[in-house]
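Listed below are the residues making up each chain.
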Amino acid sequence: MERLRVGLVADPAKPSEIAHRIRDAHAPDHHDGLAWEIDVVSTPFTAASEDVDTALERLRDQAAEHRWDLVVGITELPLRDAEGRYLLIETDAQQRTAVLSLPALGGVRLHHRSRHAVRQLLSSMTDPTGEKDCRVLLPRRGGRWRLLRGMVAANRPWRLVPGLKSALVAALTTGAIATINSTVWVLAGSLSWWRLLVAMVASIALVVGWLVIDGELWDRAEEDSSRARERSNLYNTSTLLTLTAGVLICYTALYVLNLAWALFVLDPAVMGSESRKSLGYADLFVLTWFVASAATVGGALGSGLESDEAITAAAYSKREEDRRNRLSRERT
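Procedures and definitions
- Residues numbered from 1 in each chain as written.
- Predicted model: local features only at pLDDT ≥ 70, side-chain atom pairs only at ≥ 80, totals over all residues.
- Heavy atoms only, no water.
- Helix = DSSP H or I, 4+ residues; strand = E, 2+ residues; numbered from the N terminus.
- Buried < 20%, exposed > 50% of the residue type's maximum accessible area, 1.4 Å probe, protein only.
- Contact = heavy atoms within 4.5 Å.
- Areas by Shrake-Rupley, 256 points an atom, 1.4 Å probe, with all protein chains shown as cover.
- Core = buried A, V, L, I, M, F, W, Y, C linked by side-chain atoms within 4.5 Å.
- Domains from an automatic or database assignment.
- Expected span 1.5 Å × (residues − 1).
- Arc of directions from axis to C-beta.
- Salt bridge = Lys/Arg side-chain N within 4 Å of Asp/Glu carboxyl O.
- Patch = residues over 30% accessible without salt bridge, like charges linked within 9 Å, V, L, I, M, F, W, Y side chains within 5 Å.

As recorded by an unreviewed UniProt entry, the protein carries the name 5,10-methylene-tetrahydrofolate dehydrogenase and is attributed to Pedococcus badiiscoriae.

### Digging into the overall build of the protein
Helix and strand counts for the protein stand at 13 helices and 7 strands. Put simply, the protein has 332 residues, and 48% of those count as buried. Contacts in the protein between residues at least 24 apart in sequence constitute 82% of all its contacts with a sequence separation of at least 6. Counting only carbon and sulfur atoms, one obtains 55% of the accessible surface of the protein, whose full area is about 16500 Å².

### What about the nonpolar core?
Residues Leu-8 and Leu-122 are the most contacted members of the largest nonpolar core, which totals 38 residues. Of the domains in this structure, domain 1 (3-153) and domain 2 (156-330) are the two that each give at least three residues to this core. Not counting residues within four places of it along the chain, the set of residues in contact with Leu-8 comprises Ala-19, Ile-22, Ile-38, Asp-39, Val-40, Val-41, Val-72 and Val-118. Listed in part, the 17 residues of the second largest apolar core include Ile-204, Leu-211, Ala-292 and Ile-311.

### Topic: helix H2 (residues 52-66)
Look at H2: 21 Å from first C-alpha to last across 15 residues, which is about the 21 Å you get at 1.5 Å a residue. Along H2, the positions that sit buried rather than exposed are Val-52, Ala-55, Leu-56, Arg-58, Leu-59, Gln-62 and Ala-63. Buried positions in H2, seen along its axis, are confined to an arc of 160 degrees and lie on one side of it. The exposed set on the far side of H2, more than 90 degrees from its buried face, consists of Ala-64 and Glu-65. Arg-67, located one to two residues past H2, shows a positive phi value of around 60 degrees.

### Let's talk about the pattern of salt bridges
Pairs may arise between side chains of opposite charge once their charged atoms sit close together. The tally for this structure, following the rule as stated, stands at 10 salt bridges. A salt bridge links Arg-21 to Glu-17; the shortest N-O distance between them is 3.6 Å. Here Arg-21 pairs with Glu-17, and both are found in helix H1 (residues 14-22), just 4 residues apart, close to one helical turn. We classify Glu-17 as partly exposed; its relative accessible area is 29%. A salt bridge links Glu-230 to Arg-80; the shortest N-O distance between them is 3.5 Å. Of the two residues, Glu-230 sits in helix H9 (residues 226-265) while Arg-80 sits in strand S4 (residues 79-80), which places them 150 residues apart along the sequence. A cluster of three or more residues bridged by salt bridges with shared partners is formed by Arg-5, Glu-37 and Asp-39.

### Brief notes about a nonpolar patch on the surface
A surface patch of nonpolar side chains, about 530 Å² in accessible area, is lined by Trp-193, Trp-194, Leu-197, Val-198 and Val-201. Tracing the sequence through the fold places Trp-194 in helix H8 (residues 193-215). By relative accessible area, Trp-194 is classed as partly exposed at 45%.

### What to know about unusual backbone geometry
The phi angle at Ala-13 is positive, at roughly 75 degrees, despite the residue not being glycine. Mapped onto the fold, Ala-13 is located in the loop between strand S1 (2-10) and H1. Here Arg-67, not a glycine, exhibits a phi torsion of approximately 60 degrees, which is positive. Topologically, Arg-67 is positioned in the loop between H2 and strand S3 (70-75). The exposure class assigned to Arg-67 is exposed, which follows from its relative accessible area of 69%.

Here's what the structure looks like:
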């Protein structure tokens, strides 16, 4: 049986995790007498460049160094061709090299879709009758939104919660105290639904803004060009969406816990006598909504936000900086 040495070169973190899950892939049944011997190397091969030709060149160097028959790169960065179009896949059939951009998959069923994409790439690259260069571009319409979804999924916003643990504890304490304050009952009851909605949005926006400032997560274009500015805009948009999703998760948890506390300790009849209004248990949901917004701002900002790795990892620019530093260390 013929054995082909296949190299999977992956960016650190999520791409490497996916690559290790793929390393047990077998050649399709129609490739009789052929077996894949897959090696995985974790290295930031796309660091300091989102140009697909540069990525392919670095992959060819890896193939020569490890004596691979063919190589596939897996990156979490958005890749672009010479015309600035975003790519899902680019292959060089002559050099038997290909690269896959994970964010371009959209972030849904990432493990399944990436495994399927890599298997398809390897299958086509080992098929002598159908081997040819292949370039899969993201559509102009909807392609950027799909890319952003993939970037936010790669950031894993739910992992922000541990990074906000002390702020969340402070917000819970603030909310618990505010819940039993009769002045807060009156104030919450006097607000219309749209004011409560504005208060929620404003509280989340304030915390997101503070995270960006405190963590220095805002990316600035390194050069004055439309391509560099577009890259920074894409990175900053993904960072804001990730932080918003993470803070919203914390806000929801805060609301649920405060509601459970309110239902346990408060009696609507007592609240009604204090505020001189007829109140029922439904009013506890309104009270908790207001308290969650106030506690998010007062608790989170009042406690200070730790510079946690999970928070800084929400920014592509910070991870790109880490990749460059690691690549520099590997070359020295």
